[in-house]
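Below, each chain spelled out in residue letters.
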Amino acid sequence: MSAPVPRITLLAGGVGGAKLAEGLAAVCPPERLSIIGNVADDQEFHGLWVSPDIDTLTYSLAGLIDRQQGWGLAGESHRLLEGLATLGCETWMSLGDRDLATHVLRTQLRRQGMRPSDIARHIATALGVEVELLLPTDDRLQTRIRTPEGWLAFQEYFVRERCRPEVLEVRLDGVETARPTPEALAAIADADLLLIAPSNPVVSIAPILAVPGIRAAIEASPAPCLAVSPLIGGRTVKGPADRMLIAAGRECSNLGVAHGYAPWLDGLMIDHADAADRDRLEARGLRVATTRTLMADAADKARLAGELLAFAETLSEEALACP
């Protein structure tokens, strides 16, 4: 008889996080999986509150994501955006017509006083998502990027400027007064296994960990914690994580990734192309597994998720074997 699937809590943001979330959802019963997403990329556009990372997780888990671009809904039209452009509005944030329906509803419910966590749950349930999708906080956070031209909101840097400016500093506004959601704290406390997705460590995972109480809950958890590195061959496949690690004063390597999760990280899964990092990682007390971390399709996502669970099982067996 196979071992029962552990209760898993995944910290995730961006496309890489959504891909691993899909993989885990494919191999785990939905009641055994909770996902805490990043809300620090949220921003208002055209009077509507947009939550890019949460929507990418939701659309991916619902099977509705635009696979080619990695975000937004498949088969979208952009008639409303075309109309706004005709009227002279800035439309650099590409929001499809059906995607805008999500933002209209979210904004309406926020104005009615509904908790953002409850709104995210309502949208996910309406779209057929069965796993628990959680927010780290219901308070407003915003990642800001300092460039040679000045400070930018993350979406301005990432979408409008296409990550071209040099990153001098990363700041998280609102974190001092943010409070963790009870659902996120409970998911961490109840987990048998804590996972960190191959998301940008600086702007996707760090904002979750920065919410007061979240990091402390992880440190207090007896569950093993494993991460999948977003680097392949020492670089990111897509996005500015490698440059942001340097801007954050960390080494652009798997050592730099692991440093942000010390001292509570137990193991790191890295790509075969970075196997040379194994000795240095193990010298820091980490367990290391190497595999093909690129998730090109559904089979890759499920394979990586299965390998990650197998990696966690070996750690549990090692712990039991210790006198």
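Below is a short write-up of the structure. (Residues numbered from 1 in each chain as written. Predicted model: local features only at pLDDT ≥ 70, side-chain atom pairs only at ≥ 80, totals over all residues. Heavy atoms only, no water.)

1. Looking at empty space enclosed by the protein
Over the atoms rolls a probe the size of a water molecule, and its path tells where empty space is left. Inspection of the entire model under this criterion finds one cavity of 30 Å³ or more. By volume, the largest cavity amounts to about 180 Å³. Lining of the largest cavity is provided by 19 residues; of these, Asp42, Trp49, Arg110, Pro116 and Leu135 occupy positions nearest its centre. Every element with two or more residues in the lining of the largest cavity is listed here: helix 2 (52–61), helix 4 (97–111) and helix 5 (116–126). With four residues, helix 5 is the single largest residue contributor to the lining of the largest cavity. A class-by-class count of the residues in the lining of the largest cavity yields nine nonpolar, three polar and seven charged. (1 Å grid on protein atoms, 1.4 Å probe; cavity = no way out; pocket = protein on both sides within 12 Å on 5 of 7 lines; lining within 4 Å. Points joined across faces, edges and corners; volume = space filled by probe spheres on them. Helix = DSSP H or I, 4+ residues; strand = E, 2+ residues; numbered from the N terminus. Nonpolar A, V, L, I, M, F, W, Y, C, P; charged D, E, K, R; others polar.)

2. A look at the side chain of Asn38
Structurally, the position occupied by Asn38 is in the loop between strand 2 (33–37) and strand 3 (43–45). Side chain to side chain, Asn38 and Asp41 meet in a polar contact 3.3 Å long. If we skip the residues at most four places from it in the chain, Asn38 touches Ala12, Gly13, Asp53, Ile54, Val203, Ser204, Pro207 and Ile208. (Polar contact = N/O pair within 3.5 Å; in protein donor to acceptor, adjacent residues only side chain to side chain. Contact = heavy atoms within 4.5 Å.)

3. Quick look at the state of the cysteines
By the definition in use, this model includes zero disulfides. No disulfide involves Cys252; its sulfur sits 14 Å from that of Cys163, the nearest cysteine. Overall, the relative accessible area of 25% leaves Cys252 in the partly exposed class. (Disulfide = S-S within 2.5 Å. Buried < 20%, exposed > 50% of the residue type's maximum accessible area, 1.4 Å probe, protein only.)

4. Examining the sheet that holds strand 10 (residues 225–228)
Strands pair in a sheet through their backbones, by hydrogen bonds, and they do so in one of two ways: parallel or antiparallel. Strand order across the open sheet formed by seven strands is 5-2-1-9-10-13-14, with parallel pairing between neighbours. Of all strands in the sheet, those with a lone pairing partner are strand 5 (132–134) and strand 14 (287–291), marking the two edges. Each strand of the sheet is rotated relative to its neighbour by a mean of 20°, with strand direction disregarded. As judged from the five bridges shared by strand 13 (residues 267–271) and strand 14, these two strands associate in the parallel manner. Bridge assignment links Gly267 to a residue of strand 14, and that residue is Arg287. Contacting strand 1 (8–12), strand 2 and strand 9 (193–196), helix 8 (residues 201–210) crosses the sheet at an angle of about 120° to strand 1. (Pairing = 2+ DSSP bridges. Axes fitted to C-alpha atoms, helices over the stretch in contact; angles between N-to-C directions.)

5. Describing the nonpolar core
With 81 residues, the main nonpolar core has Leu10, Leu20, Leu24, Ile35 and Tyr261 as its most contacted residues. Per-element tally for this core: the top contributor is helix 13 (residues 298–321), with seven residues. Excluding residues that lie within four positions of it along the chain, Tyr261 makes contacts with Ile196, Pro201, Ile205, Leu209 and Ala227. Within the second largest apolar cluster, six residues are counted, among which are Phe45, Leu48, Met93 and Leu95. (Core = buried A, V, L, I, M, F, W, Y, C linked by side-chain atoms within 4.5 Å.)

6. Looking at the environment of Arg79
By the element assignment, Arg79 lies in helix 3 (residues 79–86). Considering only alpha carbons, one finds Arg79 and Gly96, 17 residues apart in sequence, at a separation of 7.9 Å.

7. With respect to unusual backbone geometry
Residue Ala262 is joined to Pro263 through a cis peptide bond whose omega torsion reads 5°. Within the fold, Pro263 resides in the loop between helix 11 (254–259) and strand 13. With a phi angle near 55°, His46 is a residue other than glycine that sits in the positive phi range. By relative accessible area, His46 is classed as partly exposed at 36%. In this model, Arg162 sits at a positive phi of 55°, which is unusual for a non-glycine residue. Position of Arg162 relative to the elements: it lies in the loop between helix 6 (154–160) and strand 8 (169–173). On the basis of relative accessibility, which here comes to 63%, the residue Arg162 falls in the exposed class.

8. As for the packing of aromatic side chains
Centre distance and the angle of the planes are the two values used to describe a pair of aromatic rings. Scanning all chains against the criterion turns up four aromatic pairs. A centroid spacing of 6.5 Å and a plane angle of 50° characterise the contact between Phe154 and Tyr157, whose relative ring orientation is tilted. Residue Phe154 and its partner Tyr157 are located together in helix 6, separated by three residues, close to a single helical turn. An identical accessibility class is assigned to Phe154 and Tyr157; each is buried. Relative to Trp264, the ring of Tyr261 has its centre 6.0 Å away and its plane inclined at 35°; by these criteria the two rings are tilted. Classification of Trp264 by relative accessible area gives buried; the value is 9%. Feature note: the residues Phe154, Tyr157 and Phe158 constitute an aromatic cluster, connected by ring pairs. Across the ring face of Trp151, the terminal group of Arg171 is positioned such that the distance to the ring centre comes to 4.1 Å. (Phe/Tyr/Trp six-rings, centres within 6.5 Å; stacked < 30°, edge-to-face > 60°. Lys NZ or Arg CZ within 6 Å of the ring centre and 35° of its normal.)

9. Considerations on the sheet that holds strand 6 (residues 142–147)
Strand order in the open sheet formed by three strands is 7-6-8, with antiparallel pairing between adjacent strands. Looking at the sheet topology across the chains shown, the edges are occupied by strand 7 (150–153) and strand 8. Averaged over all pairs of adjacent strands, the angle between their axes in this sheet comes to 30°, without regard to strand direction. The sheet strands contacting helix 8 are strand 6 and strand 8, and the helix crosses strand 8 at an angle near 40°.

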